[in-house]
Amino acid sequence: MAISLSFLSTYLLLLVASFGVLAKGLLDPHFYDKVCPQALPVIKSIVEDAIKQEGRMGASLLRLHFHDCFVNGCDGSVLLDDTDTFIGEKNAAPNVNSLRGFEVIDRIKSALYYVCRGNIVSCADIVAVAARDSVVALGGPSYKVELGRRDARTASQAAANNSIPAPTLDFSGLVSNFVSHGLTIQDLVLLSGAHTLGFARCTTFRARLYNETWTLDGSLATSLKYICPSESGDGDYNLAQLDSTPVKFDTVYYDWLMQRKGLLHSDQQLYKGDGSGSDGLVKFYSQNSKAFWEDFGVAMLRMGALSPLTGTDGEIRMDCRKVN
């Protein structure tokens, strides 16, 4: 679907996107085939087990990958606990009391150390594969994850606060954020489609619920007010589903946007109903689930190739929560 952009904007999109392509060339989906052929099956098994215990965990593991890659690249930095030398990303505004799945990653890391007979698989790669396996476990498409990332030795709370797109962003802010990461408007719409899974806290949609009534379906708004009272501090961590099938990977998210049911302000910004912005893409993927499945995998690979540490850069952590 064509999007109208100025020549300069188009040039910038192509320029920054090229960095992702170059980075992807450093990775290989067969990276562990010889050194630990059981690595991917082990990750898949543990992810499936975690999702059987709690369906919501699939969305949480997928989100973990997003929040890792959007902060200085896909390097496992999001997993690091705070230390005396740096304040990590776990307590950044987009993550604190929100980001989940760390225990599942720990479980995978321990199992891989045993199966691979040593410290072979990076935490960054575990996060990337767990995200893919979560999508598949909830009925979505499979795609070959590029592997060979190494782990960062530090993390930055400030970078997390500045780099992860906020649920309050308008369309122009979302586009700027994605362009700054080497991603396009199409990537924005596709990766936002991950919101077909999971839930959001009252604090992330309260302002939309009470201040944007003209852009929010009335019946949905009424039901949400039982979950999310208007007063700050009251029900802040109550959860609402992002679409009507929060543990099924499908295109209902896009259907909801076209019905003015986007839960987050940033969600509804993708579809305004006047033919502007990314309206065409939302409508296209709403009506073409096969295209969404195919293109979502491509977008995930592009995001997963953002600034990886490879070769001798970084390290392979023994414990995903701390540097060696």
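Residues numbered from 1 in each chain as written. Predicted model: local features only at pLDDT ≥ 70, side-chain atom pairs only at ≥ 80, totals over all residues. Heavy atoms only, no water.

### Quick notes on the packing of helix 7 (residues 171–180) against helix 8 (residues 185–192)
Then step 1. The interhelical angle for the contact between helix 7 and helix 8, taken along N-to-C directions, is 105°, at an axis separation of 9 Å. As the angle between them shows, helix 7 and helix 8 are arranged roughly perpendicular. Contact residues: helix 7 offers Phe171, Leu174, Val175 and Phe178, while helix 8 offers Ile185, Asp187, Leu188 and Leu191.
Then step 2. Broken down by class, the residue content of the contact of helix 7 with helix 8 amounts to seven nonpolar, no polar and one charged. (Axes fitted to C-alpha atoms, helices over the stretch in contact; angles between N-to-C directions. Helix = DSSP H or I, 4+ residues; strand = E, 2+ residues; numbered from the N terminus. Parallel < 35°, antiparallel > 145°, perpendicular 65-115°, else oblique. Contact = heavy atoms within 4.5 Å. Nonpolar A, V, L, I, M, F, W, Y, C, P; charged D, E, K, R; others polar.)

### What about the UniProt feature "domain: Plant heme peroxidase family profile" (unreviewed entry) in the protein?
Then step 1. UniProt marks residues 26–324 with the feature "domain: Plant heme peroxidase family profile" (unreviewed entry), using the numbering shown here.
Then step 2. Within residues 26–324, the helical portion is 46% and the strand portion 2%, while the C-alpha atoms at the span's ends are 24 Å from each other. (UniProt positions renumbered as here; feature names shortened; annotations may be inferred.)

### Let's talk about the packing of helix 9 (residues 202–211) against helix 10 (residues 218–227)
Then step 1. Look at helix 9 against helix 10: their axes get within 10 Å of each other, and the N-to-C directions meet at 130°. With respect to helix 10, the axis of helix 9 lies oblique. Our pair here, helix 9 against helix 10, has a crossing hand that is left-handed. Across from Phe205, Leu209 and Tyr210 in helix 9, the residues of helix 10 making contact are Ala221, Leu224 and Lys225.
Then step 2. Each residue belonging to the contact of helix 9 with helix 10 can be placed in one class, and the counts come to five nonpolar, no polar and one charged. (Left-handed = near helix turned anticlockwise from the far one by under 90°.)

### Quick word on the environment of Val42
Then step 1. As for its position among the elements, Val42 is in helix 2 (residues 39–53).
Then step 2. If sequence neighbours within four positions are ignored, Val42 has contacts with Ala111, Leu112 and Val115.

### What about the state of the cysteines?
Then step 1. Summed over the entire model, instances satisfying the criterion amount to four disulfides.
Then step 2. Disulfide pairing is shown between Cys123 and Cys320; the S-S distance is 2.1 Å. Judged by the sign of its S-S torsion, about -95°, the cystine formed by Cys123 and Cys320 is left-handed. You can see Cys123 sitting in helix 5 (residues 123–137) and its partner Cys320 sitting in the segment after helix 14 (289–304), a full 197 residues away along the chain.
Then step 3. The class of Cys320 is buried, set by a relative accessible area of 2%.
Then step 4. Disulfide partners in the protein, listed by the sequence order of the bonded cysteines, are 1-4, 2-3, 5-8, 6-7. (Disulfide = S-S within 2.5 Å. Buried < 20%, exposed > 50% of the residue type's maximum accessible area, 1.4 Å probe, protein only.)

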